[in-house]
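Residue-level structure breakdown
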Amino acid sequence: MKRIQLSMSLLLLAGVMGYTPIAMAASAPGPHQPKGLKPGVLGAVALNRDGTYCHLRYPAIQGRTLGTDKPQLKPTTTGDIIDFYGPCDHDPLGKEEIESQKRMQEERRNDN
């Protein structure tokens with residue numbers, strides 16, 4: 001029984017030690033970190049040297065504010081997060097994003 005307990009403890013320790021450098025590398029600013037991120041962007045990783053093409057993560061727009069003059073992002077606690085690949089200066093509340101989310105909302109309504 002003690003051998004199993006020791007083995008499980010070592011396995012857990014090895015897993016934590018293996019995960020920590022990956023998590024630290026993901027959160028540390030790198031040499032190709034994008035500049036000028038828009039408000040609401042949770043994470044951004046530049047995918048080219050110029051820092052013009054990125055992977056952005058941001059909350060979706062609240063459905064009730066989608067057609068208004070002042071759309072608002074959902075709270076991050078809802079888990080409705082968008083993964084976007086494109087220009088680093090993409091605005092999560094910009095015209096393109098609003099149109100895209102309206103289309104997605106309409107497609108969901110048509111599927112039901």
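Preceding block: the structure.
Attention in this report is confined to the structure presented alongside it. In this text, all values refer to a predicted model and were calculated from it rather than measured experimentally.

**Considering the overall build of the protein**
- Helix and strand content of the protein: two helices and three strands.
- Counted from the first residue to the last, the protein has its helices and strands arranged as α-β-β-β-α.
- Looking at the 112 residues of the protein, the share that counts as buried comes to 24%.
- A separation of at least 24 residues holds for 45% of the contacts in the protein among residues at least 6 apart in sequence.
- Accessible surface for the protein amounts to roughly 8,600 Å². Of this, 57% is attributable to carbon and sulfur atoms.

**Comments concerning the sheet that holds strand β2 (residues 53-59)**
- The three strands lie next to each other as β1-β2-β3, forming an open sheet whose pairing is antiparallel. The open sheet has two edge strands, β1 (43-46) and β3 (81-87), and neither has a second partner. For this sheet the average axis-to-axis angle between neighbouring strands, irrespective of direction, equals 15°.
- As defined by bridge partners, β2 adjoins β3 across seven bridges and the pair is classed as antiparallel. Counted as the bridge partner of Leu 56 is Phe 84 from β3.

**Points about the state of the cysteines**
- Under the defined criterion, the tally for this structure stands at one disulfide.
- A sulfur-sulfur distance of 1.8 Å marks the disulfide that ties Cys 54 to Cys 88. Across the S-S bond linking Cys 54 and Cys 88, the dihedral sits near 85°, which makes this disulfide right-handed. Placement of Cys 54 in strand β2 and of Cys 88 in the loop between β3 and α2 (95-111) is noted, with a sequence separation of 34 residues between them. Pair check on accessibility: Cys 54 and Cys 88 agree, each one buried.

**Notes on α2**
- The terminal C-alpha atoms of α2 lie 25 Å apart, and with 17 residues this matches the ideal 24 Å at 1.5 Å per residue to within 8%.
- Buried residues of α2: Glu 97, Ile 98 and Gln 101, and no others. All buried residues of α2 fall inside an arc of 100° around its axis, so they share one side. Residues of α2 that are exposed and point more than 90 degrees away from the buried face comprise Lys 95, Glu 96, Arg 103, Glu 107, Asn 110 and Asp 111.
- Buried residues belonging to α2 abut β2 and β3.

**So, the nonpolar core**
- By size, the foremost hydrophobic cluster in this structure holds ten residues: Val 41, Ala 44, Ala 46, Cys 54, Leu 56, Tyr 58, Ala 60, Ile 82, Phe 84 and Cys 88.
- Contributing elements (two or more residues each) for this core: β1, β2 and β3.
- It is β2 that contributes the most residues to this core, three residues altogether.

Criteria and thresholds
- Residues numbered from 1 in each chain as written.
- Predicted model: local features only at pLDDT ≥ 70, side-chain atom pairs only at ≥ 80, totals over all residues.
- Heavy atoms only, no water.
- Helix = DSSP H or I, 4+ residues; strand = E, 2+ residues; numbered from the N terminus.
- Buried < 20%, exposed > 50% of the residue type's maximum accessible area, 1.4 Å probe, protein only.
- Contact = heavy atoms within 4.5 Å.
- Areas by Shrake-Rupley, 256 points an atom, 1.4 Å probe, with all protein chains shown as cover.
- Pairing = 2+ DSSP bridges.
- Axes fitted to C-alpha atoms, helices over the stretch in contact; angles between N-to-C directions.
- Disulfide = S-S within 2.5 Å.
- Expected span 1.5 Å × (residues − 1).
- Arc of directions from axis to C-beta.
- Core = buried A, V, L, I, M, F, W, Y, C linked by side-chain atoms within 4.5 Å.

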